[in-house]
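Next come the chains, spelled out residue by residue.
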Amino acid sequence: MIIMKKLLSVLLTLTLVGSLCIGCSKAPEDNGSTSETKTSKSDSDKDGTTLTFVQHMSGVITDELQAVLDEFKAETGITVELSSPGSDIEEVMKTRMASNTLPDLWTTHGWSVARYGEYLRPMNDQAFVEHIVPSIKDLITGPDGNIYVLPIDADICGISYNATVLEEAGVDPESILTWEDFEVACEKIKAIGKVPLFFDGKDPLAFGQFFDFVAPTLYTNDEENNQREQFLDGSFDWEKWREVCEILERWTANGYLNTDALTADYMTACQSLGSGDAAFMLRNANVIVEAWTTNPDAKLGILPIPGKDSDNSRCVIGGERLAVGVWKDSPYIEEALQLIEYLSQPEVCSRLATVAGMPAGLDTAESDTGKLEPYYERVMSDDILTIPYFDREYLPSGMWDDLCVTGASIVAGNEGAIDDTIDQMRQSYEDKMAQK
Amino acid sequence: MKKKHNNNIITLFYVPALVLFLIFVVYPFIEGIRISFTNWNGYSQNYTYVGAKNYLRLFQDKNVRTALINTLIYGIGSTFLQNVIGLLYAVFLDSKFRGRTFVRTIIYLPVMIAPLVMGYIMYFLVQYDSGAINDILAYFGRPPVDWMNSGPRAVIIMTLINSLQFVGISMVIYMAGLQGISRVYYEAASIDGVSRLQAFRNITLPLLTPAITSAVIINLIGGLKLFDIIMALTMGGPGYSSHSLSTLITNQYFRSQNAGYSAAMGVGTFLLIMLISNLAMHYFDKKEVYS
């Protein structure tokens, strides 16, 4: 009886933990096992071909994409099976990469070069490449000169703000040129009883965004005095990371953040921005589009990210967003490229970029960004730098979570949070570099 | 001879279950142990064996220590609450009264809700802005509280939520146990002038030990592997302060891309759960009384 119970106990614990260990993964295989690209079917065989397509976006864009794919099927006879795992895209794609069973096409959510480059077919021979808008072309080009995706839209990310709150507080958004100016603005906003900066920290990515916004202005934007090489070759002195952490700590201590900065969810944040309870959010225009669903009359806009000091110009973060790549080992490469060509047609690209609410990624297409158009024109002007997402460009893949979690610890006011942050960033950087 | 033949046929029926068990539990578990000795990032085709480095790191990692303490609180705290409240419910429902079935259904109902859904429902209760509890506080003129912004408080709240959701399981186990106790003992005790409290302590509790064993082990394992509610309410935050070992393993595997380290944590968690559940079984085995 006792032996049976012990056996039962072992089996139960095995069941519980076995699945946690690696249940959803397959052991990595040797490099040599990579299969060669298979030839595609002839045109006559295309009816009945089914392409698999995984995309990361949610909401109306998913419906529009499905409509486009249905039209593609009507025109070519090729079926496209669209899968939208939403925020689980990372888990889905990592599991599929581990087992080397990738979909024929997928959206790369900012990682076409650093993470997916080795799995994607280069697109340099495709006609759309010469039409990629200059603001993102460099950002999606790998060190080997390869471009791996069709960028349907271009992510332009600045500080989203509520113009009414700024007006009420006597803040001119165009006067915010440096972080010092930003802090002065925050003081004025706080004085009228509004929340200067809203963080939706229930999902800690809000804190990762803080580092993506502030760190480049301190470490990489300055042409003459920067740490770009040090980040890339691993010689960066992580003690210098203290500077960016102290800014977050200071903003928290000064009361610029919402009381529920650690627990508010995304919808609460959008509502606060739309209703005029909060002035700024360190997020792209998605929050504005969402805020307008709660208050269509809200006066919302996009502000460039301030510079470190008056010697440094302001910037916006650019990069890929709705960008589609093709698996280099797909058995249906020809059909997948046919879909890429279809998506790159000006009218199709325009439709999708318009629904996504972002500028188009190709200069042959025009996106109707509606009320945000003047803001996009402003932030894409010559005096504003366009920079890549800091973590994607200067940190190894997998460190995004470190930024998110350490930021939350600083805002939580945990004892020694900044020292712990520096240690964790250093440790994680070394671990990730060793994985390469 | 015929009996031996029958036994062989019966043994054959175990084979499908055994095969599935080997494929979906034993094989991944052995692979997990192997991966725990590598620095695999979870998706790359390349990795290196790093010896016992991941295991040594487990002992130095402050976040693992926090997750371990939280896991014990989730496990032991939930077990304690579910068993005490479950037993009280069972004793209450063991007496006959109008609406007994309805009350039993209401108590058991949350068990049927997916824990993730329960987490999202509870978020509307505890959220700072427009949360039900803060609305009640506002009604009484009290300032709102950001209930989940402190790790320790979030851990206690999630332990309570988990306990209240699954208390129905303990209740059902104890009700079955109570119905198995012969009324003769109580009648004899009553003749001897034993009070109800004494009868409960000296008759009910000892004879309920098999039920207590089952309820404790089930609740303990459920609490130690708490996952969904944490993901729905705090995602392990703020920082790492409300992570359990289960959520930290997932976090390290997928978000931090430390599959090797995550696998080492999984092996550690396996050993921990095995140790605790064995200790609990051993303890209750000694206490077991059969009527």
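Definitions and limits used
Residues numbered from 1 in each chain as written. Chains lettered and ligands numbered in written order. Predicted model: local features only at pLDDT ≥ 70, side-chain atom pairs only at ≥ 80, totals over all residues. UniProt positions renumbered as here; feature names shortened; annotations may be inferred. Helix = DSSP H or I, 4+ residues; strand = E, 2+ residues; numbered from the N terminus. Contact = placed C-beta atoms within 7 Å. Buried ≥ 20, exposed ≤ 12 C-beta atoms within 10 Å, placed from the backbone. Domains from an automatic or database assignment. Pairing = 2+ DSSP bridges. Axes fitted to C-alpha atoms, helices over the stretch in contact; angles between N-to-C directions. Core = buried A, V, L, I, M, F, W, Y, C linked by C-beta atoms within 7 Å. pLDDT = per-residue confidence, 0-100. Parallel < 35°, antiparallel > 145°, perpendicular 65-115°, else oblique. Left-handed = near helix turned anticlockwise from the far one by under 90°. Nonpolar A, V, L, I, M, F, W, Y, C, P; charged D, E, K, R; others polar. Expected span 1.5 Å × (residues − 1). Arc of directions from axis to C-beta.

- By the naming in an unreviewed UniProt entry, chain B goes by Sugar ABC transporter permease and is assigned to Ohessyouella blattaphilus.
- Under Sequence similarities (unreviewed entry), UniProt gives the following word-for-word description of chain B: "Belongs to the binding-protein-dependent transport system permease family."
- Its UniProt record gives chain B a comment under Subcellular location (unreviewed entry), which states: "Cell membrane".

**Some words on the overall build of chain B**
- A tally of helices and strands in chain B yields 13 helices and 0 strands.
- For chain B, the succession of helices and strands along the chain, N to C, is α-α-α-α-α-α-α-α-α-α-α-α-α.
- Here the contacts in chain B between residues at least 6 apart in sequence split such that 72% fall between residues at least 24 apart.

**Some details on the overall build of chain A**
- For chain A, the count of helices and strands is 17 helices and 12 strands.
- A buried classification covers 50% of the 436 residues belonging to chain A.
- In chain A, 75% of the contacts between residues at least 6 apart in sequence involve partners at least 24 apart.

**So, the domain arrangement of chain B**
- Taken domain by domain, chain B holds domain 1 (1-25) and domain 2 (36-287).
- Taking only C-alpha atoms, the centre of domain 1 of chain B and the centre of domain 2 of chain B are 34 Å apart.

**Describing the sheet that holds strand β6 (residues 159-162) of chain A**
Residue and element names in this part refer to chain A.
- The strand order across the open sheet built from 4 strands is β7-β8-β6-β9, with neighbouring strands paired in mixed fashion. Across the chains shown, the open sheet's two edge strands, defined by having one partner strand only, are β7 (195-197) and β9 (300-303). The mean inter-strand angle of the sheet, taken between neighbouring strand axes irrespective of direction, is 20°.
- Here β7 runs beside strand β8 (residues 278-281); their pairing, made up of 2 bridges, is parallel. Bridge pairing in β8 links Val-195 to Ala-278.
- Lying on the sheet, helix α11 (residues 286-294) is in contact with β6, β8 and β9; it crosses β9 at an angle near 170°.

**Thoughts on the nonpolar core**
- Among the nonpolar cores identified, the biggest contains 185 residues, and Leu150(A), Ile152(A), Leu197(A), Leu273(A) and Leu352(A) are the most heavily contacted of them.
- Top contributing element to this core by residue count: helix α7 (residues 151-179) of chain B, with 11 residues.

**Remarks on the sheet that holds strand β12 (residues 385-387) of chain A**
All names here are of chain A.
- Here 3 strands make up an open sheet; going across it, the order is β5-β10-β12 and the pairing mixed. Each of the sheet's edge strands pairs with one partner strand only, and the pair in question is β5 (154-157) and β12. The mean inter-strand angle of the sheet, taken between neighbouring strand axes irrespective of direction, is 35°.
- Here β5 pairs with strand β10 (residues 315-320) via 4 bridges, running antiparallel. Note on β10: the bridge partner recorded for Asp-155 is Gly-319.

**Considerations on the environment of Ile161(B)**
All names here are of chain B.
- When you line up the elements, Ile-161 lands in helix α7.
- In this structure the C-alpha to C-alpha distance between Ile-161 and Phe-13, which are 148 residues apart in sequence, comes to 40 Å.
- When neighbours within four sequence positions are excluded, Ile-161 is seen to be in contact with Met-118, Met-122 and Ile-229.

**Remarks on the confidence of the model for chain B**
- Residues with a pLDDT of 70 or more make up 97% of chain B, whose mean pLDDT is 91.
- In the predicted complex, the global pTM is 0.82; the interface-specific ipTM is 0.79.

**A few points about the packing of helix α3 (residues 62-94) of chain B against α7(B)**
Residues and elements named next belong to chain B.
- Remark: α3 packs on α7, axes separated minimally by 6 Å, with the N-to-C direction vectors making an angle of 40°. Put simply, α3 runs oblique to α7. Pair α3 / α7 crosses with right-handed handedness.
- Classifying every residue of the contact of α3 with α7 gives 15 nonpolar, 10 polar and 1 charged.

**With respect to the UniProt feature "domain: ABC transmembrane type-1" (unreviewed entry) in chain B**
- Feature annotation in UniProt assigns "domain: ABC transmembrane type-1" (unreviewed entry) to the following positions: residues 68-280 of chain B.
- The distance from the first to the last C-alpha atom of residues 68-280 of chain B is 18 Å, and the span holds 76% helix and 0% strand.

**Some thoughts on the packing of helix α16 (residues 400-411) of chain A against helix α17 (residues 417-435) of chain A**
All names here are of chain A.
- α17 packs onto α16 with a crossing angle of 170° between their chain directions and a minimal axis gap of 9 Å. On the basis of the axis angle, α16 is roughly antiparallel to α17. Residues Asp-402, Thr-406, Ser-409 and Ile-410 of α16 form the contact with α17, whose own contacting residues are Ala-417, Ile-418, Asp-420, Thr-421, Gln-424, Met-425 and Ser-428.
- By residue class, the composition of the contact of α16 with α17 is 4 nonpolar, 5 polar and 2 charged.

**Some points on the domain arrangement of chain A**
Residue and element names in this part refer to chain A.
- Here the domain parsing of chain A yields domain 1 (45-156 + 319-378) and domain 2 (157-316 + 390-435).
- Spacing between the C-alpha centres of domain 1 and domain 2 amounts to 28 Å.
- Listed as interface residues are 9 residues of domain 1 and, on the opposing side, 11 residues of domain 2.
- Residue classes in the side of domain 1 that touches domain 2 are distributed as 5 nonpolar, 2 polar and 2 charged.

**What to know about helix α9 (residues 242-253) of chain A**
Residue and element names in this part refer to chain A.
- Taking 1.5 Å of rise per residue, the 12 residues of α9 would be expected to cover 16 Å, and the 16 Å separating its terminal C-alpha atoms lies within 8% of that figure.
- Considered for burial, the residues of α9 that qualify are Val-244, Cys-245, Ile-247, Leu-248 and Trp-251. For α9, the angular spread of the buried residues around the axis is 155°, confining them to a single face. Residues of α9 that are exposed and point over 90 degrees away from its buried face: Arg-250 and Ala-253.
- Where α9 is buried, its residues touch α6 (179-191), β7, α7 (205-219), α16 and α17.
- Trailing α9 by a residue or two, Gly-255 shows a phi angle of about 80°, which is positive.

**A look at unusual backbone geometry**
- In this structure, the amide linkage connecting Gly237(B) to the following residue, Pro238(B), adopts the cis form with an omega of -5°.
- Of note, Pro238(B) is situated in the loop between α11 (228-233) and α12 (245-255).
- For His109(A), which is not glycine, the phi torsion reads 35° and is therefore positive.
- Assignment of secondary structure puts His109(A) in the loop between β3 (105-107) and α4 (134-137).
- For Gln257(B), which is not glycine, the phi torsion reads 60° and is therefore positive.
- Within the element layout of this structure, Gln257(B) appears in the loop between α12 and α13 (259-287).

**Topic: the pairing of β10(A)**
All names here are of chain A.
- When you tally the buried positions in β10, you get 6 out of 6 residues, the bulk of the element.
- The sheet contact formed by β10 and β12 spans 3 bridges and is parallel. Looking at the pairing, Val-316 lines up with Thr-386 of β12.

**Quick word on the UniProt feature "transmembrane region" (unreviewed entry) in chain B**
Residue and element names in this part refer to chain B.
- UniProt records the feature "transmembrane region" (unreviewed entry) for residues 12-30, 72-93, 105-126, 154-178, 199-221 and 261-284 in the present numbering.
- Across residues 154-178, the secondary structure splits into 100% helix and 0% strand, with the terminal C-alpha atoms separated by 35 Å.
- When the span residues 261-284 is considered, its composition is 100% helix and 0% strand, and the gap between its end C-alpha atoms is 35 Å.

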